[in-house]
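Geometric and topological summary
Listed here are the chains, written in short residue letters.
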Amino acid sequence: MKPTIIIADDHAITAKGMESTLIELGFSVLGNHQNGINALNDILLQKPDYVLLDVRMPGMSGLDIAEVIKQNSITCKVIIYTMFTELTFYERAKSLGVSGYLLKEFALEDLEKCIKSIENTGVWHHPMLEQKLKASKNVFSPELYAKLTTRERYVLEGIADSKSTKAIAEELFVSQRTVESHRRSIIQKLQLPKKKNALLMWALENKGFFGLMDD
Amino acid sequence: MACISVIYAQECAKDSLMNIWQDDTQTTDNRIKAAFTLLKEHTYGIPEETIGLSKALLDLAEPLKDYQTLARIRNIMARGYYFQGKTEESFKQLQQSVDYSLKANDIESVMLGKLNLVSFFKFTYLSQDACYKLLYEVDSLASHSKNWSYAADAKYTTVLIANDYKDYALSLKKVGELELLLNRSELEIDDNNGRLYFSAASIYKSLGNYQKAIDFYTKAINAVPESKAELKVIVYIKRGEVKLIKGDTLNAVSDFKASTNILPEDYTNSKTLAEENYGNGLYLYYTKEYSAAFKAFDKALEINEMSNRTSSVTYSLLYMSRIALQNKAYGQAIELCTKGLDYIKVSNYIEHKLEFLKNSYLAYKALGNINQALSFYEQYKALDDEFFNEEKAKALAKQEAENAFALERQETNLKYEANLKEEQDKRKRMIVYGLIVLVFVGLVFLAYMNQRKRKAAQREQELQEQYTHQLLDDIEEERGRIAGDLHDSVNHSLMQLKEKVNKSMPLSSTEISDVIAKVRHISHNLSPAMFEQIGLIKSIEELCRSLMETSSLKISHQLDYLQPLSKKQELQVYRIIEEAMTNIIKHSKATHAFLKLKSDDAGFALSVKDNGKGMPPQKEGQNTFSFGLHSIKQRSKAIRGIVSFTSTANGTEVNLRITA
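Within chain B, the regular secondary structure consists of 23 helices and five strands. By residue count, 36% of the 660 residues in chain B fall in the buried class. Taking contacts inside chain B between residues at least 6 apart in sequence as the whole, the part at least 24 apart equals 58%.

Shown next as C-alpha cells:
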C-alpha cells in the first residue's frame, strides 16, 4: 500500500515541485489545493496518512487546519512547510504537535529526510528553528529577576563585577557561607542550569539589564 | 584639582609676599599694602597659612602704628585661629582688632570685628545680652554711616540669636525694622544692596516665609555686581535650597546650575570654591546624575576639610550618604554618616544629625545588622521627638510674640507714617514723571513684543515646513533605498544566476538561498510579517529576536497586554518601538535594552530603556537631530499618545502613554 498525502499550498509552482518529489518518494497524492478551506474539507473526507500544509493560504491558514485536525483526533501526520522563520509560527505548530516542520527554502532537499525521520521517530523539525527556540529561552527574564531580594541583587552585582565570594561577604559584613547560600537561592530563582560557572556566565551576560529594571 | 589650585595659588602668593619684602626699593608702606592685599585674598584659605601670613605681616606693620591695617590683619588672623579651633586666641585677636579699629576711627572694621565676635562666640564666650549689645552697636554705627548692608547684617544676626533663645518679640521687632530699611534702600541705591537683600532673604527663610525669601534672593542676585562673584554663587545656592523646600525642584535645579557658571577660571578662594562644588553637587544630584554629584560633593568636602571648616562639611556629607544609600553602597554610607555625626558634635546641627542617624539606621538595616540598626533607630527616634517637641514649642512662642508684635507695630506704624508722608509726597511727583516714561517705554516694548511674536510664529511655521520636508525626503530616501536594495542585491544576484543558467553552469542551492534571504529581508522591513495575523505582542517578540540576531544588542521585554489597543494604534506602537530600537542600535552604543509594555484599564504605557551613552544635548531650534525622534513624536501624536524622552549619560528612556 502506498502512503497517501494531501498538499495545500497557494503557490502552484512549489506545490507542483513538492507533488512530483512526493510521487518519486512513493507517495500517492490524493489532492493538491490552493485554498485552506478546500484542503480541510478534502482532508476530513479522505483522511490521508500525511498532509503537507503551507502556513499562509487564502481561506484558512495551515496552522488553523492543523488545529482542526488535532481537535477532531484525525490520525494523520501533519507536515508544515513555510517560508516564515518566525518562532511565533513554529511555537504554535509545536503546541499542535505537528510531525514535520519544513522551511520552503530547503523543502525539496529536506522532504525525504523528514519523511524517513517521521516513519522512524515520529518527528522531524528543521534544526535551525530548534536552535532559534533554544536561544530565545536563554533571554533575560524580568519576571524571574523581580523575584530576587535586594540582598540577592547586591550579591548578583558583585558576581557580575567579578568579585570573589570573599570580597562580597566582606562588603556585606556577612560570612562567606551566607553569600554561598544567596548564590544558591539566585541560581534556583533564575532557573539556571546546574553547570559550573552558569551563574557567573549569566551575570556577565546580563549585567547590563540590572540598571534598567524598575526598583 | 580645585584644592591643588588653591594650594598652588597660595604658594605663589607667599612667594610674591617674600618678593615684596625683599624689595628694598619699595617703601615699607607700599610693601605692607601689597602684602595685605594678598592676605585679604586668602582670608578663607587654609588656617595655618592664613595665620602664618598674618603673623609675618604683623611683625612688619607693628612698628608703624598703622592701627587701621593692624586691626584688619588681626581680624583675618582671628578667623584663621577660629577655624583652626584655637578659639581663645581667636577671641583675643578679634577684641584687639576692634580696639585698634576704634583708635584708627575705621568704622567698617569696627563693625566687621563686632559681627565676627558675635557670629564666632555667640554660644561660647558671649552671653545673650553681650551679643545683643554688640549687635546694637553695629546697627547704630551702620545706620549713622548709612552702611545699610551692615545694618541688615546686624539685624539678621540679632534675629538668629533671638530665635535661638526663643526671644521672638525681639526677632519680630528686628524684622519690622528691616522692612523699613528695605523701603529706604529702594530710594538709595548702593552697591551693597546685594548683601542687604541677602540678609533679608535669610531672615524670611528662617521665619518660614519662603516666598518672600525667594523674592529677596532674586533681588539680591540682581543687585550683586559682577565683581562680587562669590556672593552670587551663595545666593543662587540658597535660593535653590528654598525652592527645594517649596517643592519646586525644576527651578531649584536651574539655580544650582547657575551657581556653577559664575566664578572666573582662575578663582582661588577656597571657601567659595567649596561652595561652587557644593552647588554643582546639588545640581547633579537633583538631575539624578548621582555618581557625578557624589564626586562634586566629595570635592567640596575635601576643600572644606582642608581649610578646617567643620561647620560646612556636614552639608556635603549628608548628600554623599544619601547617594551611597541609593547606590546600595551601605558600608560607604555608614562610613560617611559616622564622619558626619563626628563633625556634628561641633556644629550641633540637629536636622543634619537626624538624617545621619536615619541613614545609618537604613544602611545597617539593609546590611542586616539588626543590633546596630535598632540602636541608630532609637537614637533617631529620640532626637526626632525632642526636635519635634521643641519645634512645636517654638511655633507656639512665635505665635504669641506675633500677636503681641502686631499691636506694637500698629503704634510704630503711626509714628513712621508721619515721617513717611513727606517722603511719599516727593515720591508721588517722581511717580507721575515715572509713569509718563513708563507708558512710553511700554509702548515701545509692546511693539517689540508684537514683532517678536510674529517672528516666533514664522519660525514655528518654518520648523513645521522643515519637518514636512524632512518627512517627504525620508519617504523618498526610503523608496530610493528599497529600489537600491532590489537593484543592487536581488537583481544583481539574479543576473548572475541567469548567466550561469545560460552557460549551463551548475547552480548551488546556497546561491539561491541567498537571494531568498535578501528578498525576505526587504519585504520584512516594508511590512512586518503577518502583523495582522499574529498581533502586536508576537510581532514585538519577533522584532526583538530578529534585532538580536542581526545586532549585538541584548533586548529583554515585559509585556502585559490586558487591554488591547485599536489595530491602527497597534501598528503605530510597533513602528515606534522599531524606531526606538533602531535609534538605540545606531546611536546609543548600548549593550542592553529593556522594553516594558503595560496596557490595562488605567491606560497604555510603553517604556524603552537602554544603557547607552544618552542622546546628545539638543539645541533650541535645531532640527538636525535624528529623524527617528521626530517620527516617534509624530506617530505618537497620531494615536493621541504622549511621548517623552529622558536622557542621561547612563542611557536613554523613551516613554509613551495613551490614556484610557
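On a plain count of helices and strands, chain A comes out with 11 helices and six strands. For chain A, buried positions account for 35% of its 215 residues.

Moving on to helix α12 (residues 229–245) of chain B. Residue and element names in this part refer to chain B. The end-to-end C-alpha distance of α12 is 25 Å, a good match for the 24 Å that 17 residues give at a rise of 1.5 Å each. Within α12, burial applies to K232, V233, I234, V235, Y236, I237, K238, R239, G240, V242 and K243. At the C-terminal side of α12, G247 shows a positive phi close to 85°.

It is worth spelling out the sheet that holds strand β1 (residues 554–561) of chain B at this point. Hydrogen bonding along the main chain pairs the strands of a sheet, whether they run parallel or antiparallel. Residues and elements named next belong to chain B. In space, the five strands of this open sheet follow the order β1-β2-β3-β5-β4, with mixed pairing throughout. Of all strands in the sheet, those with a lone pairing partner are β1 and β4 (642–648), marking the two edges. Neighbouring strand axes in the sheet, compared pairwise and without regard to direction, differ in orientation by 10° on average. In terms of strand pairing, strand β2 (residues 592–600) meets strand β3 (residues 603–610) through eight bridges, oriented antiparallel. The residue of β3 that forms the bridge with S599 is F604.

Each partner contributes residues to the interface: chain B has 24 residues there, and chain A has 23 residues. Those elements that place two or more of their residues in the side of chain B that touches chain A are α18 (350–367), α20 (509–526), α21 (531–550), β1 and β2 of chain B. Per-element tally for the side of chain B that touches chain A: the top contributor is α21(B), with five residues. Considered class by class, the residues forming the side of chain B that touches chain A number seven nonpolar, 10 polar and seven charged.

Residues and elements named next belong to chain A. Taken together, the six strands give an open sheet; going across it, the order is β2-β1-β3-β4-β5-β6, and neighbouring strands pair in parallel fashion. Unpaired on one side and paired on the other, β2 (28–33) and β6 (124–125) mark the two borders of the sheet. With four bridges joining them, strand β1 (residues 4–8) and strand β3 (residues 50–54) adopt parallel strand pairing. Each residue of the ladder has a partner; that of I7, found in β3, is L52. Docked against the sheet, helix α1 (residues 12–24) engages β1, β2 and β3, running at close to 175° with respect to β2.

This part takes up the nonpolar core. In terms of nonpolar packing, the biggest core is built from 120 residues, with B:A200, B:A201, B:A220 and B:F297 touching the most fellow members. Among the elements that line this core, the one with the most residues is helix α8 (residues 148–164) of chain B, at 10 residues. With near-sequence residues (within four places) excluded, B:A220 lies in contact with B:G194, B:Y197, B:F198, B:A201 and B:V235. Within the second largest apolar cluster, 37 residues are counted, among which are A:F89, A:Y90, A:L102 and A:I115.

Where helix α9 (residues 165–172) of chain A is concerned, the buried positions are A:I168, A:A169 and A:L172. Viewed end-on, α9(A) has its buried residues packed into an arc of 100°, placing them on one side of the element. In this structure, the buried residues of α9(A) make contact with α8 (150–160) and α10 (176–189) of chain A together with α18 of chain B. Once α9(A) finishes, A:F173 follows within two positions and takes phi at roughly 60°, a positive value.

The next thing to look at is the pairing of β3(B). Residue and element names in this part refer to chain B. Across the eight residues of β3, six count as buried, placing the element largely inside the fold. Linking two consecutive strands that pair antiparallel, namely β2 and β3, is a turn of two residues. Bridge count between β3 and strand β5 (residues 651–659): seven bridges; the pairing is antiparallel. Considered in β5, the bridge of V608 is made with V654.

All names here are of chain B. Relative orientation of the contacting elements helix α7 (residues 128–144) and α8 amounts to 160°, with a least axis distance of 8 Å. Compared by their axis directions, α7 and α8 come out roughly antiparallel. Considering how the two elements wind past one another, α7 and α8 form a crossing that is left-handed. Residues Q128, C131, Y132, L135, V138, D139, A142 and S143 of α7 lie in contact with α8, whose contacting residues are Y150, A151, A154, K155, T157, T158 and I161. Residues that form the contact of α7 with α8 fall into these classes: nine nonpolar, four polar and two charged.

Here the focus is the environment of B:E532. All names here are of chain B. If you trace the backbone, E532 turns up in helix α21. In this structure E532 comes out as exposed when scored by C-beta crowding, with 11 C-beta atoms within 10 Å. Distance in space between the C-alpha atoms of E532 and K567 is 8.1 Å, their sequence separation being 35 residues.

Its identity is not glycine, yet A:F173 carries a phi of approximately 60°, on the positive side. Structurally, the position occupied by A:F173 is in the loop between α9 and α10.

Moving on: the confidence of the model for chain B. Within chain B, residue pLDDT values average 80, and 87% of them lie at 70 or more. Confidence estimates for the predicted assembly give a pTM of 0.45 and an ipTM of 0.84.

As a further point, take the packing of α12(B) against helix α14 (residues 270–286) of chain B. Residues and elements named next belong to chain B. Close contact between α12 and α14 brings their axes to 10 Å; oriented N to C, the two are set at 30°. Taken together, the axis directions place α12 and α14 in an arrangement best described as roughly parallel. α14 is crossed by α12, and the crossing has left-handed handedness. Where α12 abuts α14, its residues E230, V233, I234, Y236, I237 and G240 lie against T272, E275, E276, Y278, G279 and L282. Its residues assigned to classes, the contact of α12 with α14 shows six nonpolar, three polar and three charged.

All names here are of chain A. Neither face of strand β5 (residues 100–103) is open: one carries G100 and L102, the other Y101 and L103, and all of them are buried. Of the strand pairs in this sheet, strand β4 (residues 77–82) and β5 are connected by four bridges, and their pairing is parallel. Opposite Y81, over in β5, you have L102 as the bridge partner. With helix α4 (residues 87–95) bridging β4 and its parallel neighbour β5, the resulting β-α-β unit is right-handed. The sheet contact formed by β5 and β6 spans two bridges and is parallel. Bridge pairing in β6 places G100 opposite W124. Following the backbone out of β5, through helix α5 (residues 107–121) and into the adjacent parallel β6, one traces a crossover that is left-handed.

About the thresholds
- Residues numbered from 1 in each chain as written.
- Chains lettered and ligands numbered in written order.
- Predicted model: local features only at pLDDT ≥ 70, side-chain atom pairs only at ≥ 80, totals over all residues.
- Helix = DSSP H or I, 4+ residues; strand = E, 2+ residues; numbered from the N terminus.
- Buried ≥ 20, exposed ≤ 12 C-beta atoms within 10 Å, placed from the backbone.
- Contact = placed C-beta atoms within 7 Å.
- Expected span 1.5 Å × (residues − 1).
- Pairing = 2+ DSSP bridges.
- Axes fitted to C-alpha atoms, helices over the stretch in contact; angles between N-to-C directions.
- Nonpolar A, V, L, I, M, F, W, Y, C, P; charged D, E, K, R; others polar.
- Core = buried A, V, L, I, M, F, W, Y, C linked by C-beta atoms within 7 Å.
- Arc of directions from axis to C-beta.
- Parallel < 35°, antiparallel > 145°, perpendicular 65-115°, else oblique.
- Left-handed = near helix turned anticlockwise from the far one by under 90°.
- pLDDT = per-residue confidence, 0-100.
- Right-handed = clockwise from strand over helix to strand, strands pointing away.

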